[in-house]
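Observations on chain architecture
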Amino acid sequence: MPSYDSNNIFAKILRGELPCYRVYEDDKAFAFLDIMPRAPGHTLVLPKAPARNILDITPDDLAHVAKVAQKIAQAAIKAFGADGITVQQFNEGAGGQVVFHLHVHIVPRKAGIPMKPPASAKEKPEVLAEQAKALAAAIAAG
Ligand code: DGP
C-alpha cells in the first residue's frame, strides 16, 4: 500500500491551510461538511492523526472516529429532519477512495429521495454555512 501523503487536501484542512465548514472537533477527531454533498448535510468525519484509510489507522483512532460518526448521525437526524442516515467509507482507489486521509461519510437521507452521484455538484457557500451552523448546534445540544 502507498504511504500517507501529508499534502492531501484533508490534511491541509486539518492544519488550517484550507477552509472548511466545521461542525465538530475534539482532541482526536474533526468533522466538516462535504462541499459536494450527496444529500443536504453530508458530513465527513476524520481522525486528526495521519491515516490513509482503514488499512493503516490505529484501532483506537478508528474506534474514536466511529463514536464521533454516531454522534453526528444522531444530531443530523434532528438538524435536518432526516428519516435515515447512510454511512460510507472508501479505501484505496479500487475501493472508491479519492482523498487519502481516512474519512467517514455521514449522509442524512429523506425517504424516497436518492443520493446524488459522488462529487457531482458543489453546494453554495451560504447553504453550507447555514447547514454547518445548524448541525454544530444540534451536536452541541447532544
Ligand atoms: P472519497 O475519498 O471518495 O470518500 O470522497 C472524497 C469526498 O470529499 C467527496 O465526497 C468530495 C469531498 N471533497 C473533495 N474535496 C473537498 C474539499 O476541498 N472540501 C470538502 N469539504 N470536501 C471535499
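Reading the values: rules and limits
Residues numbered from 1 in each chain as written. Predicted model: local features only at pLDDT ≥ 70, side-chain atom pairs only at ≥ 80, totals over all residues. Heavy atoms only, no water. Helix = DSSP H or I, 4+ residues; strand = E, 2+ residues; numbered from the N terminus. Expected span 1.5 Å × (residues − 1). Buried < 20%, exposed > 50% of the residue type's maximum accessible area, 1.4 Å probe, protein only. Contact = heavy atoms within 4.5 Å. Near = heavy atom within 4 Å. Polar contact = N/O pair within 3.5 Å; in protein donor to acceptor, adjacent residues only side chain to side chain. Areas by Shrake-Rupley, 256 points an atom, 1.4 Å probe, with all protein chains shown as cover. Nonpolar A, V, L, I, M, F, W, Y, C, P; charged D, E, K, R; others polar. Pairing = 2+ DSSP bridges. Salt bridge = Lys/Arg side-chain N within 4 Å of Asp/Glu carboxyl O.

1. Let's talk about the environment of Ala-140
Within the secondary structure, Ala-140 sits in helix 3 (residues 125-141). Along the primary structure Ala-140 and Tyr-24 are separated by 116 residues, whereas in three dimensions their C-alpha atoms are 8.6 Å apart.

2. A look at helix 2 (residues 59-80)
Taking 1.5 Å of rise per residue, the 22 residues of helix 2 would be expected to cover 32 Å, and the 31 Å separating its terminal C-alpha atoms lies within 8% of that figure. Within helix 2 the residues assigned to the buried category are Asp-61, His-64, Val-65, Val-68, Ala-69, Ile-72, Ala-73, Ala-75, Ala-76 and Phe-80. Elements that come into contact with the buried residues of helix 2 comprise strand 1 (22-25), strand 2 (29-33), strand 3 (43-47), strand 4 (84-88), strand 5 (104-109) and helix 3.

3. Focus: unusual backbone geometry
Despite not being glycine, Glu-92 shows a phi value in the positive range, around 65°. Along the polypeptide, Glu-92 turns up in the loop between strand 4 and strand 5. Look at Glu-92 and you get buried, because its relative accessible area is 11%. One non-glycine residue, Ala-119, adopts positive backbone phi at about 50°. For Ala-119, the position within the fold is in the loop between strand 5 and helix 3.

4. Focus: the site of the ligand
What surrounds the ligand is a group of 16 residues, the closest being Asp-34, Gly-96, Val-98, His-103 and His-105. Between an oxygen atom of the ligand and a main-chain N or O atom of Val-98, the distance comes to 2.7 Å. Here an oxygen atom of the ligand sits 2.6 Å away from a polar atom, N or O, in the side chain of His-103. Relative to its unbound accessible area of 510 Å², the ligand is 88% covered by the protein chains. Per element, the largest residue contribution to the shell around the ligand is three residues, and it comes from helix 1 (residues 9-14). Across the shell around the ligand, the residue classes tally to eleven nonpolar, four polar and one charged.

5. Focus on the side chain of Glu-92
There is a polar contact of 2.8 Å between the side chain of Glu-92 and the side chain of Arg-52. Glu-92 has contacts with Met-1, Pro-2, Arg-52, Asn-53, Leu-55, Gln-97 and Phe-100, leaving out every residue within four places of it along the chain.

6. Things to note about the pairing of strand 2
Extensive coverage of strand 2 is indicated by the burial of five of its five residues. Once strand 1 ends, the chain turns through three residues before running back antiparallel as strand 2. The sheet contact formed by strand 2 and strand 3 spans five bridges and is antiparallel. Looking across to strand 3, one finds that Leu-33 is bridged to Thr-43.

7. Considerations on the pattern of salt bridges
Scanning the model with the defined rule gives four salt bridges in all. Where Arg-15 meets Glu-17, a salt bridge forms, and the shortest distance between an N and an O atom there is 2.7 Å. Given the relative accessible area of 44%, Arg-15 is considered partly exposed. Across the salt bridge formed by Arg-22 and Glu-25, the nearest N and O atoms sit 3.0 Å from each other. Several salt bridges converge on common partners, so that one network encompasses Arg-22, Glu-25 and Lys-48.

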